[in-house]
Amino acid sequence: MKIADLKIPGNILLAPMSNVTNLPFRLMCRKYGASLTYSEMISADAVIYENKKTINRGISCEDERPLGIQIFGNSPETMIKAALRIEEIYKPEIIDINFGCPAKTLTKDGCGSALLSSPELIHDIVKELSENLSTPVTAKIRILQDMENTLEIAHLIESAGASAITVHGRTRQQQYSGKANHDYVRKIKQELSIPVIANGDIVDEISAQQTLEYTECDGIMIGRAAMGNPFLFKRISHYLETGELLEYKQCSQRVADIREYFSLLEEHELMHTVHVKAQAQWFTRGMKNGRHVRKNIDVAKNIDEILLSLDRMCKDAN
Ligand SMILES: Cc1cc2nc3c(=O)[nH]c(=O)nc-3n(C[C@H](O)[C@H](O)[C@H](O)COP(=O)(O)O)c2cc1C
């Protein structure tokens, strides 16, 4: 897939997810075949105020190139200032604008999906950034209830200069309930010339292939299904390349992955930034005896105890 002049080595992307897609997690997804990864969303206002904790959300490394950094805000003026600062510090290959987050913490300030009710402002933000950054600008939206309004926003984003658009097939009101509507995504792809990336409810090999085939999008983006399961990218890449399901041992794979994830957190000195138990729980989702292990993780006193109960889970599974 190509975004502006940037060649992306594939078309399976990891979705930006706040408090989930930190650098170690993104590196693991890359190792397993994610072609492009984005930082967690970064507040434009906080960047302007030089909030160190916020700015650090953009930290990356050479192994993660190409890198996308996502920002949110509510005005062209603040967003361009923040984006220029991010360009200066991190030199990302892509700067993505969040027009999709439905969380009240953002929408109460007119950010994220609240902007979907102000098409002109969306246009002005994308135009300001596209014209004044040397980095390609992309946008991530949710659909609106009405197809026509959704198409209008998508066209405005394209005409304002965006180099690609990601569409999550749910409305702001739906939050994460119901099903992603890929009819809207397909229609946007048919009408736009820039690359369109389909997002929402891609959870395994089959849904990945079906979404690519049905929407005819240039790429797919995976969010929740990758939480605690970076290996999903390997399974999906393998299936799309060969048409065959990859055989693997789920339990030992997950435990090996969480060990690697914890050691990457140590290596990048980020252990203090995550909720270790919550992250460990994700790695046990969908596993045999998962509920029992999650209880053990809950009462574990340290990482060694967490790993011990995961090892036991694997022994029981074999
Ligand atoms: C915990 C969590 C955090 C998220 N944070 C962001 C974010 O920072 N920026 C963004 O554009 N979307 C965010 N999203 C939305 C996802 O990127 C994605 O659009 C959504 O989960 C739908 O894809 P999925 O069905 O594959 O999960 C978040 C979703 C979750 C579950």
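See the structure printed just above.
Because the structure is predicted, anything quoted here is derived from the model rather than measured.

Quick question: what am I supposed to make of helix 11 (residues 250-267) here?
Owing to its 3.6 residues per turn, the α-helix brings residues three or four apart onto one side. Given a rise of 1.5 Å per residue, 18 residues ought to cover 26 Å, and the 25 Å separating the end C-alpha atoms of helix 11 matches this to within 8%. Among all positions of helix 11, only Cys251, Gln253, Arg254, Val255, Asp257, Ile258, Tyr261, Phe262, Leu264 and Leu265 are buried. Immediately downstream of helix 11, the backbone of Glu269 shows phi near 55 degrees, a positive value.

For this particular structure, what's the right way to read the nonpolar core?
One broad rule of soluble globular proteins: the nonpolar side chains tend to lie buried together. Judged by nonpolar contacts, the single largest core of 90 residues is most densely connected at Phe99 and Ile157. In terms of residues, this core owes the most to one element, helix 11, which gives seven residues. Residues lining this core come from more than one domain, with at least three contributed by each of domain 1 (2-242) and domain 2 (250-317). Dropping the residues within four chain positions of it, Phe99 is found in contact with Gly112, Ser113, Leu115, Leu116, Ile122, Ile125, Val126, Ala139, Lys140, Ile141, Arg142 and Ile157.

Which parts of the structure should I look at to understand the site of the ligand?
The local shell around the ligand holds 17 residues, among which Gln70, Lys140, Asn199, Asp201 and Arg224 are the closest. Here a nitrogen atom of the ligand sits 2.8 Å away from a polar atom, N or O, in the side chain of Gln70. In the environment of the ligand, an oxygen atom lies 2.7 Å from a nitrogen or oxygen atom belonging to the side chain of Arg224. In the complex, 88% of the free accessible area of the ligand, which totals 600 Å², lies under the protein chains. A class-by-class count of the residues in the shell around the ligand yields seven nonpolar, seven polar and three charged.

How should unusual backbone geometry be read in this particular structure?
Across the chain, the bulk of peptide bonds are trans and the bulk of non-glycine residues have phi less than zero. A cis amide bond, omega -5 degrees, links Arg65 with the succeeding residue Pro66. As for its placement among the helices and strands, Pro66 is situated in the loop between helix 3 (52-55) and strand 6 (67-72). One non-glycine residue, Asn19, lies in positive phi territory at about 65 degrees. Exposure remark for Asn19: the relative accessible area of 55% places this residue in the exposed category. The backbone phi angle of Gln175 is positive, close to 50 degrees, even though this residue is not glycine.

Help me out: how do you make sense of the pairing of strand 11 (residues 219-222) in this one?
Along any regular strand the residues' side chains alternate between the sheet's two faces. Residues Gly219 and Met221 line one face of strand 11 and the alternating positions Ile220 and Ile222 line the opposite face, and both faces are buried. With respect to chirality, the unit in which strand 10 (residues 196-199) leads through helix 9 (residues 205-215) into the neighbouring parallel strand 11 is right-handed.

Reading the values: rules and limits
- Residues numbered from 1 in each chain as written.
- Predicted model: local features only at pLDDT ≥ 70, side-chain atom pairs only at ≥ 80, totals over all residues.
- Heavy atoms only, no water.
- Helix = DSSP H or I, 4+ residues; strand = E, 2+ residues; numbered from the N terminus.
- Expected span 1.5 Å × (residues − 1).
- Buried < 20%, exposed > 50% of the residue type's maximum accessible area, 1.4 Å probe, protein only.
- Core = buried A, V, L, I, M, F, W, Y, C linked by side-chain atoms within 4.5 Å.
- Domains from an automatic or database assignment.
- Contact = heavy atoms within 4.5 Å.
- Near = heavy atom within 4 Å.
- Polar contact = N/O pair within 3.5 Å; in protein donor to acceptor, adjacent residues only side chain to side chain.
- Areas by Shrake-Rupley, 256 points an atom, 1.4 Å probe, with all protein chains shown as cover.
- Nonpolar A, V, L, I, M, F, W, Y, C, P; charged D, E, K, R; others polar.
- Right-handed = clockwise from strand over helix to strand, strands pointing away.

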